[in-house]
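Understanding the architecture of this molecule
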Protein chains: 2
Amino acid sequence: MAVYTHLGAEELARLVANYDVGELVSAKGIAEGVSNSNWLLETNQARFILTMYERRIDTDDLPFFLGLLDHLSAAGCPVPATIHDREGAAWRMVDDKAVALIEFLPGVSPTQPDRAQAYAVGRALAEMHLAARDFSGARKNDLAPEDTLAILQTCGSDALGRIDPALPAILDDGARIASNWPQGLPTGIIHSDLFPDNVLMLDSEVTGLIDFYFACTGAMAYDLAVTHAAWSFGEDGSRNDTTLGSALILGYESLRPLSSEEFEALPLLAQGACLRFIASRAQDWLDTPADALVQRKDPMDFMRRLEFYRDRGQSAFA
Amino acid sequence: MAVYTHLGAEELARLVANYDVGELVSAKGIAEGVSNSNWLLETNQARFILTMYERRIDTDDLPFFLGLLDHLSAAGCPVPATIHDREGAAWRMVDDKAVALIEFLPGVSPTQPDRAQAYAVGRALAEMHLAARDFSGARKNDLAPEDTLAILQTCGSDALGRIDPALPAILDDGARIASNWPQGLPTGIIHSDLFPDNVLMLDSEVTGLIDFYFACTGAMAYDLAVTHAAWSFGEDGSRNDTTLGSALILGYESLRPLSSEEFEALPLLAQGACLRFIASRAQDWLDTPADALVQRKDPMDFMRRLEFYRDRGQSAFA
């Protein structure tokens, strides 16, 4: 969470003038997003999120990401629409960086979700999968198990062991997961990063699914497995709340029942989800100085989740 | 600018429930304030800034700071009022840290102010000085020239020279400023940190004076000198815009004309202002690792300002 770039009030006002949204009356840099700078802008008409794409995001992917927001929003999903400028463009360049103006949605992200909230999130995820079926865009998942395993292999066993002595075991788990990865499951557009941070809620109502910058084409059941891994554990992964996980799946299946192949694949899909977050956290950990002000996230939080799914198998989803 | 502490949505909702402000519908950590964590909160009634006091601020000073906001707001100054909780308290404790809920004010901070804006800020500063005359609180200025000189002496000539070879000269300048510091000027409550960051404006109207956490009892003309040093130079201090400085003083004197003693003291008062920012920046520079993600501010920006005021004398304010 950061604001990487400083944009002055005058620059923001000039930028906003390219849109038919009224005049700027307030602008606050907000501490959201790890790859972007974000501002909460207010005009005399409405509020907006201004996102500046800083790193990790390829401008060539913006038509997919922003077009997806528009498609899902138009289909009635609680997803922020992109505001197009007076010339119809979904993003503009400012100082060689792409920026997009996005609809502001109310709601707060739960940190201790309850069952009703997990149910609502599962249902919103299924709604999103169904609404995306007629979206014309596609984007390859570049964080599939073979990709994330390669990241961990590049880190190397020694470096992983310096993070935690138990972490190098992920290399064997990763190889097993990648070589057994389920094929032929129903695919669609998936969010693939639906942590509580990326969901806005009011009580038990989902008011926003946000941060689609890992969205890609993939197995829809994998998206559910990612969400299960992200929602149904204590923060450090040591405590699984099966009632939350069950509510999530129940909510999902209220709109899109899983096939038996999908259900049986969940334990491995969830391990693949954990593998991915272990890889990105390990890479960030090794790239971030220990005394940096950014809080490093412990990859072991997801190693414990992976072990849970590996050891419990299908019963993790009972 | 940072959010040092994570407060979850549930914790924020519980906190907000202590105030008669409606129910929480949105919460964004905002990148403002160097000593505090800040959130922009929205309820179904209004918007607020929630400030958590992290460091540098002594809880014993909160009655002064927050009482001053209430006093100035009630007097019609564009200053955010403190929201008191249902028991009347201006601040509460959360996890051993004090938090206060503050009125949200519209406006953006100019980064390239024009003359009309400088005039308006000068006038708002004088209005604030006049409105504070019947405020009963008082607080010693702990960043007077002898204090800031002591900070620089503790840094030491060698360390200052490692920041910039021209910086150790500040020790002689500081001794001269401290020993010649004007006495007997009219005092009152001063903001003492009125950089453009701490002013919210809509066009040429001041909609907010914020961040009073350096406010103290002091010479009112010193506050004007601080504001002059903060507003009328290019960012690195190399270019003085005399028209901005003149407009600022003109605006101030439209409400509170300076005495001849105050006007004659301005060159030394402005050097004292520079001394203070040189000291705090040098200290932060030496305390901050070069590879930290926080941008260090160059003390030389204010060394150049100090030299300008020293060399130009009274003509700096012509």
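Rules and cut-offs
Residues numbered from 1 in each chain as written. Chains lettered and ligands numbered in written order. Predicted model: local features only at pLDDT ≥ 70, side-chain atom pairs only at ≥ 80, totals over all residues. Domains from an automatic or database assignment. Contact = placed C-beta atoms within 7 Å. Nonpolar A, V, L, I, M, F, W, Y, C, P; charged D, E, K, R; others polar. Buried ≥ 20, exposed ≤ 12 C-beta atoms within 10 Å, placed from the backbone. Helix = DSSP H or I, 4+ residues; strand = E, 2+ residues; numbered from the N terminus. Pairing = 2+ DSSP bridges. Expected span 1.5 Å × (residues − 1). Axes fitted to C-alpha atoms, helices over the stretch in contact; angles between N-to-C directions. Parallel < 35°, antiparallel > 145°, perpendicular 65-115°, else oblique. Left-handed = near helix turned anticlockwise from the far one by under 90°.

Interface size is commonly expressed as the accessible area that is lost once the parts come together. Residues and elements named next belong to chain A. As assigned here, chain A comprises domain 1 (9-103) and domain 2 (115-317). Across the contact, 16 residues belong to domain 1 and 18 residues belong to domain 2. For the side of domain 1 that touches domain 2, a count of residues per class yields 11 nonpolar, four polar and one charged.

Residue and element names in this part refer to chain B. Taken across its eight residues, strand β2 (residues 36-43) has seven buried, putting it largely inside the fold. Both strand β1 (residues 24-30) and β2 contribute to a ladder of six bridges, which runs antiparallel. Note on β2: the bridge partner recorded for lysine 28 is leucine 40. Alignment of β2 against strand β3 (residues 47-53), held across seven bridges, turns out to be antiparallel. Across the sheet, residue serine 37 finds its bridge partner in β3, namely methionine 52. Counted along the chain from β2 to the antiparallel partner β3, the turn is three residues long.

What follows deals with helix α7 (residues 220-231) of chain B. Residues and elements named next belong to chain B. End to end, α7 covers 17 Å across 12 residues, agreeing with the expected 16 Å (1.5 Å per residue, within 8%). For α7, the buried fraction is high: 12 of the 12 residues fall into the buried class. The complete set of buried residues in α7 reads Met220, Ala221, Tyr222, Asp223, Leu224, Ala225, Val226, Thr227, His228, Ala229, Ala230 and Trp231. Residues of α7 that are buried sit in contact with α3 (115-131), β7 (187-190), β10 (216-219), α8 (242-253), α9 (260-287) and α10 (300-312).

Residue and element names in this part refer to chain A. Helix α9 (residues 260-287) packs onto helix α6 (residues 170-179) with a crossing angle of 135 degrees between their chain directions and a minimal axis gap of 10 Å. Classified by the interaxial angle, the pair formed by α6 and α9 is oblique. Relative to α9, α6 is oriented so that their crossing is left-handed. Residues Ile170, Gly174 and Ile177 of α6 form the contact with α9, whose participating residues are Leu268, Gln271, Gly272, Leu275 and Ile278. In terms of residue class, the contact of α6 with α9 is made up of five nonpolar, three polar and no charged.

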